[in-house]
Structure formats: C-alpha cells, structure tokens
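One letter stands for each residue in the lines below.
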Amino acid sequence: MHEDGIGLGEVWLVGAGPGDPDLLTRKAERLLRAASVVFYDALVGEGVLALIPDHVRKVPVGKRSGRHSKDQGTIDALLVEAALAGERVVRLKGGDPSMFGRSMEEVAALAEIGVRAHICPGVTAASAAAASAGISLSLRGLARRVQFVTAHARAGEPLDLDWAQLAHPACTTAFYMGRSAASDISRELIAHGLDPKTPVLIACDVSLASERCLRTRLDLLPLAVRSVAENKPTLILVGEAVRQNDAAEIAQIAAQAHR
C-alpha cells in the first residue's frame, strides 16, 4: 500500500462532488495527491482539477449528453491498462460515483483482471442544491421519502419511469440530467396525480460561482427550464419540501406531524 493511500496497480473511484473544491472530502483530496494518473469526467469542476499536483498525469474522459469524448468501453479499457501497468489510478467522477456514475461497470471491468476497485464517496448534486437553496430534501409531515432519478434517455427513446410511484405527494424527487426531459416530467407527474402547483427547484452549475437556481411550480416547469438552464447540466427537485417556507411555518408543520 502506498503511504498516502494508493498502492501500485490500485484503482480508486473518487467522487469530485458538485464542483466547489471546498466540498471535496479530505480523503478525496489525499487520493488525488497520491495518484500517478487521474481519469476525470467533464463535470468535474476546474477548482477540483486544480488540486491535482502537476506531476500527476491527467486524462479527460468526459461524457456529456450528446457529446461523448470516450465511450464506456474505452474508459473501462483505459482503467484496466493503467492498473496492469502498475499505476496508482484515480477515476474522478462528478458528484458521487455511486449516484448515476456507472461505477459498477468500471468496477466489473477491473474485477475481471483481478483488480478490486475502491470507492471514495462525494457530495451529490441534490444535497448541494438543497443546501444552496436553504431547504431540506426531507421534511417531517410533508416529505417522508427522497427519490433520486436519472432523467436521461437515449436519443429517440421515451423516458421509461414508474410515474405513479414518482408522483407520490409525500416525496421529494430529484431528477438528475433533467433539462431535456422537463416537459415529460411535468406532464407525466401531473397526469399521475401530482398537483400542478407542486413546488419545483431548478438548479444549474450547483455549488459553483455560476450557479443558478429558480423556483417554479410543476405546470410551469418546461417554460422555466428554458429560461434558466440553457445548455448546462440541470437538476430538478420536485415536492412540497422544496417550498420556500419561513422558520415559523416549518416549525408549525413539524409540530403538527409530531402530534
């Protein structure tokens, strides 16, 4: 084992968080310093990349909707090659590696050659967006469950989700990569019983200086997304917990729920 945490031929899948380097875990920063090569995604913030020492080889393998610089098979092969070469490998992923990060595909590819990949979690975008907006994803009496959903579908394919389950009124639902699916989200949730006036938070560039957040309601979501999201990665939070209540209202809700 390398004294700083990575042995020769070892691979770590590391969560880079939503972009703000101050949200990177201490362990993640230590692993970046210990690596000999870092394969990083397009959504990794520039401030996080700046923490990687100059002597560490940095390889972009970024993927964004419609603009894939490397397919998943190629990324898997690069990790395998680096591990077999005895490198100290960090695979740096935006947010948390286990939250829509396709981490298990990379873990499986490495396992086939006898390499056990380790995972360092990161702050996921939904948590960071809620913090920026000053809200809680869960709220006693209103949101007893939090659901995380990827709203990304292959080109030309419908968004195949259990809309009846997602439309539960006592939930907060986080739609990752939701910009292009905003119309589907609005239409299907309303069709499956969710109140058109349900509060929604749209968040782009979460945690960065360029962050933009917009509060709207479910029936106005498609229009609101067009006005704020542009071509940026977009997170959409839906549910009563998203409503901007003052402290007195929140205390009253909690007291009623406790009775």
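Keep in mind the model is a prediction, meaning the values are calculated, not measured.

Once that is clear, we can look at the pattern of salt bridges. Here the structure, examined in full by the defined rule, presents 11 salt bridges. Residue Arg33 pairs with Glu29 through a salt bridge whose shortest N-O separation is 3.9 Å. Here Arg33 and its partner Glu29 are both found in helix H1 (residues 26–34), four residues apart, which amounts to about one turn of the helix. For Glu29, a relative accessible area of 30% puts it in the partly exposed group.

We now examine the packing of aromatic side chains. What the rule picks out here adds up to three aromatic pairs. Relative to Tyr176, the ring of Phe148 has its centre 6.5 Å away and its plane inclined at 50°; by these criteria the two rings are tilted. Of this pair, Phe148 sits in strand E8 (residues 145–150) while Tyr176 sits in strand E9 (residues 171–176), and the two are 28 residues apart along the sequence. The class for Tyr176 is buried, based on a relative accessible area of 10%. With centroids separated by 6.4 Å and ring planes inclined at 25°, the aromatic side chains of Trp163 and Phe175 adopt a geometry described as stacked. You can see Trp163 sitting in helix H6 (residues 163–166) and its partner Phe175 sitting in strand E9, a full 12 residues away along the chain. Accessibility expressed as a relative area gives 0% for Phe175, which makes it buried. In textbook terms, an aromatic cluster arises when at least three aromatic residues are bridged by ring pairs, as seen for Phe100, Phe148 and Tyr176.

Thresholds, definitions, all that
- Residues numbered from 1 in each chain as written.
- Predicted model: local features only at pLDDT ≥ 70, side-chain atom pairs only at ≥ 80, totals over all residues.
- Heavy atoms only, no water.
- Salt bridge = Lys/Arg side-chain N within 4 Å of Asp/Glu carboxyl O.
- Helix = DSSP H or I, 4+ residues; strand = E, 2+ residues; numbered from the N terminus.
- Buried < 20%, exposed > 50% of the residue type's maximum accessible area, 1.4 Å probe, protein only.
- Phe/Tyr/Trp six-rings, centres within 6.5 Å; stacked < 30°, edge-to-face > 60°.

So far we have only geometry, and geometry alone does not tell us how the molecule works.
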